[in-house]
Amino acid sequence: MFRQSSKLANVLYDIRGPVLEEAEAMEAAGHTILKLNIGNPAPFGFAAPETIVQDMVGHLPEAQGYSDSRGILSGRRAVVQHYESKGITNLDAREVFLGNGVSELITLSLQALCNPGDEILVPSPDYPLWTASVALSGGTPKHYACDDENGWLPDLEDLEAKITERTRGIVVINPNNPTGAVYPRQTLAAIVDIARRHNLIVFADEIYEKITYNGVEMINMATLTGDDVLCLTFSGLSKAYRIAGYRAGWLAITGPLAEAKSYIEGITLLANMRMCANVPAQHAIQAALGGHQSIEDLVLPTGRLGEQMEVAHAGLNAIDGVSAQRADGALYLFAKLDVEKFGITDDEQFALDLLREQKILISHGTAFNWSRPDHFRLVTLPSVDVLEQSIERLGEFLSGYRQV
Ligand code: PLP
């Protein structure tokens with residue numbers, strides 16, 4: 001028997017789990033599946049800005065060798081300038097790491113930090129890579145509640161109550177996946193205050209930085225953490241520049257660098273061990289950040305993404321037994337199901353039943369480390385037509401659904 005490592009015992013990533021496998025099997029058998037499960041812009045007609053693609057193609061001949069393990073200097077400088085333009089003036093290119101997407105840098109930064117038993121505060125619901133990466137690193141994920149009765153904002157009392165002497169850091173996903181919440185300044189400032197008082201690291205996952213609706217302001221965490229709170233900011237090109245397949249992301253470290261010397265050396269060691277990120281995609285970073293061709297025009301009320309978000313929000317709320325909070329950012333709605341009405345005790349089973357009956361693929365809420373089987377996440381990337389059709393079919397399905 002070749003068994004997987006016991007390190008994986010608590011590592012879950014169910015948004016690519018059994019429901020997706022079933023959908024793939026159904027596709028292989030000739031069914032057409034409406035995929036509302038993964039935030040991958042390209043298949044939904046969001047072509048990457050042409051200048052970025054051309055720039056990467058143009059750099060292919062010179063991108064044949066390994067680069068510096070932190071990434072090419074032009075890309076790291078572009079990241080520094082990007083944050084300077086946001087008012088973050090304490091970032092140096094030495095503390096920027098380019099990676100194969102944010103995903104690689106999330107796992108790397110936790111591997112470099114956690115000793116067994118170290119605790120990291122992760123939101124619930126979360127983007128499950130965070131919980132999985134903490135577990136994989138030997139640390140213990142501790143979930144703090146985000147409150148669906150209060151615009152999905154972090155419950156700060158719960159967050160602070162979960163801090164122990166083993167707590168090392170707080171993960172903040174803003175704009176949030178899966179809830180779509182964009183945190184106001186006072187919430188972010190309160191989290192920074194907690195981090196400062198308890199000497200914690202802030203892990204700011206800001207991959208949806210440019211995707212906010214109706215002019216809602218997105219505030220970068222590192223504008224608030226200053227020089228005294230260590231802040232690891234993660235972002236990249238997958239969403240805002242709709243090139244998830246290139247795998248281009250970055251990590252920018254600000255704050256008390258002298259205190260974090262050993263930790264940053266650990267991150268550098270792990271970055272060295274994997275040589276470098278995919279070099280052609282690193283070139284795309286400068287092209288993207290230097291231009292004006294991001295997703296911004298698409299999120300305006302008149303833009304495609306903004307319109308889709310409105311349609312999906314209204315459509316879900318029109319279904320008897322479903323309610324969804326408005327999303328101010330990102331590409332998702334995290335909708336609530338009336339579990340009493342539908343007799344739902346197992347939300348993965350609900351997702352499977354919907355898939356088998358209506359050929360619609362959504363992600364069940366517990367896959368996002370949400371503790372109750374009463375939510376699901378819908379991706380708002382499909383065109384208005386497809387969203388309307390899918391939501392109508394979901395409504396039809398639910399009108400006759402009773403799980404137990
Ligand atoms: N963080 C969040 C909140 C995400 O939603 C995603 C992808 O969906 C990632 C990180 C991973 O992004 P990347 O494509 O840069 O690895």
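Keep in mind that this is a model prediction, so the values were computed, not measured. Residue positions within a chain follow its written sequence, with the count starting from 1. In view of the model being predicted, local features appear only for residues whose pLDDT reaches at least 70, and side-chain atom pairs are presented and counted only at 80 or more, with totals across whole chains, interfaces and linings using the full set of residues.

1. Focus on the sheet that holds strand β14 (residues 375-379)
No. 1: Read across the open sheet, the 4 strands follow the order β10-β11-β14-β13; overall the sheet is antiparallel. Here the strands that pair on one side only, and so sit at the sheet edges, are β10 (322-324) and β13 (363-364).
No. 2: Bridge analysis of β13 against β14 gives 2 bridges, and the strand direction is antiparallel. Counterpart to H364 in the pairing with β14 is F376. Two strands pair under a simple rule: DSSP has to find at least two bridges between them. Under the scheme used here, helices are H or I runs from DSSP no shorter than 4 residues and strands are E runs no shorter than 2 residues, and both carry numbers assigned from the N terminus.

2. Remarks on unusual backbone geometry
No. 1: Cis geometry marks the peptide bond from S124 to P125; its omega dihedral reads 0°.
No. 2: Cis rather than trans, the peptide bond between N174 and P175 has omega equal to -10°.
No. 3: Phi at N214 takes a positive value of approximately 55°, unusual for a residue other than glycine.
No. 4: As for its placement among the helices and strands, N214 is situated in the loop between β7 (201-205) and α8 (222-225).
No. 5: Although it is not a glycine, M275 sits at a positive phi angle of roughly 65°.
No. 6: Relative to the helices and strands, M275 is located in the loop between α9 (261-273) and α10 (279-290).

3. Overview of the sheet that holds β7
No. 1: Taking strand neighbours across the sheet as the criterion, the 8 strands line up as β2-β9-β8-β7-β6-β3-β4-β5 in an open arrangement whose pairing is mixed. Lying at the two open borders of the sheet, with one neighbouring strand each, are β2 (96-100) and β5 (153-154).
No. 2: In this structure, β2 lies alongside strand β9 (residues 248-254), joined through 5 bridges in antiparallel fashion. In the sheet register, F97 faces β9, and the bridge partner there is L251.
No. 3: A pair of residues counts as a contact when their C-beta atoms, built from backbone coordinates, are within 7 Å of each other. With axes taken as lines fitted to C-alpha atoms, and helix axes fitted only over the stretch in contact, angles between N-to-C directions fall between 0 and 180 degrees. Lying over the sheet, helix α7 (residues 185-198) contacts β5, β6 (167-173) and β7, oriented at roughly 170° with respect to β6.

4. Focus on the environment of G30
No. 1: Take G30: it is sitting in the loop between α1 (18-28) and β1 (34-35).
No. 2: Exposed residues have 12 or fewer other C-beta atoms within 10 Å of their own C-beta, buried residues have 20 or more, and residues in between are partly exposed; the C-beta atoms are placed from the backbone. What makes G30 exposed here is the crowd of 6 C-beta atoms within 10 Å.
No. 3: Separated by 158 residues in the primary sequence, G30 and L188 have C-alpha atoms spaced 48 Å apart.

5. Quick word on the site of the ligand
No. 1: Placing a C-beta atom from the backbone of each residue, we mark the residue near a molecule or strand if the atom is within 6 Å of it. Taken together, 13 residues lie near the ligand, and G101, V102, S103, Y127 and S238 sit nearest.
No. 2: For the shell around the ligand, the element with the most residues is helix α4 (residues 101-111), which contributes 3 residues.
No. 3: As a working rule, the residues Ala, Val, Leu, Ile, Met, Phe, Trp, Tyr, Cys and Pro are called nonpolar, Asp, Glu, Lys and Arg charged, and the rest polar, with Gly in that last group. When the residues that make up the shell around the ligand are grouped by side-chain class, the tally is 5 nonpolar, 7 polar and 1 charged.

6. As for the domain arrangement of the chain
Think of interface size as the accessible area that goes away when the parts come together; that is how it is often given.
No. 1: These domain boundaries are the output of an automatic or database domain assignment. Splitting the chain by domain gives domain 1 (6-47 + 297-399) and domain 2 (50-290).
No. 2: Contact with domain 1, which involves 33 residues of that partner, is made by 32 residues of domain 2.
No. 3: Listing elements by their share of the side of domain 1 that touches domain 2, those giving two or more residues are α12 (304-317) and β11 (332-337).
No. 4: Broken down by element, the side of domain 1 that touches domain 2 gets its largest block of residues, 4 residues, from β11.

7. Focus on the confidence of the model for the chain
Predicted coordinates in areas of low pLDDT are best not read in detail.
No. 1: What pLDDT expresses is the predictor's confidence in each residue, scored from 0 to 100. Scored by pLDDT, the chain has a mean of 94; 99% of the residues are at 70 or more.
No. 2: In the predicted assembly, ipTM is 0.99 and pTM is 0.96.

8. So, the nonpolar core
No. 1: By definition, a nonpolar core groups buried Ala, Val, Leu, Ile, Met, Phe, Trp, Tyr and Cys residues that are joined through C-beta atoms within 7 Å. Residues V202, A284, I285 and L378 are the most contacted members of the largest nonpolar core, which totals 119 residues.
No. 2: Top contributing element to this core by residue count: α10, with 7 residues.

9. So, α4
No. 1: With 8 of 11 residues buried, α4 lies mostly within the body of the structure.
No. 2: Along α4, the residues classified as buried are G101, V102, E104, L105, I106, L108, S109 and L110.

10. Remarks on the packing of helix α2 (residues 50-59) against α10
No. 1: Between α2 and α10, the least distance of the axes is 8 Å, while the angle of their chain directions is 135°. Classed by the angle they form, the pair α2 and α10 counts as oblique. The handedness of the crossing between α2 and α10 is right-handed. Counted together, T51, I52, D55, M56 and H59 of α2 and P280, A281, H283, A284, A287 and A288 of α10 form the full contact between these two elements.
No. 2: Split by residue class, the contact of α2 with α10 holds 7 nonpolar, 3 polar and 1 charged. Small angles under 35 degrees read as roughly parallel and large ones over 145 as roughly antiparallel, with 65 to 115 read as roughly perpendicular and the rest as oblique. Should the near helix be turned anticlockwise from the far one by less than a right angle, the crossing is left-handed, and should it be turned clockwise, the crossing is right-handed.

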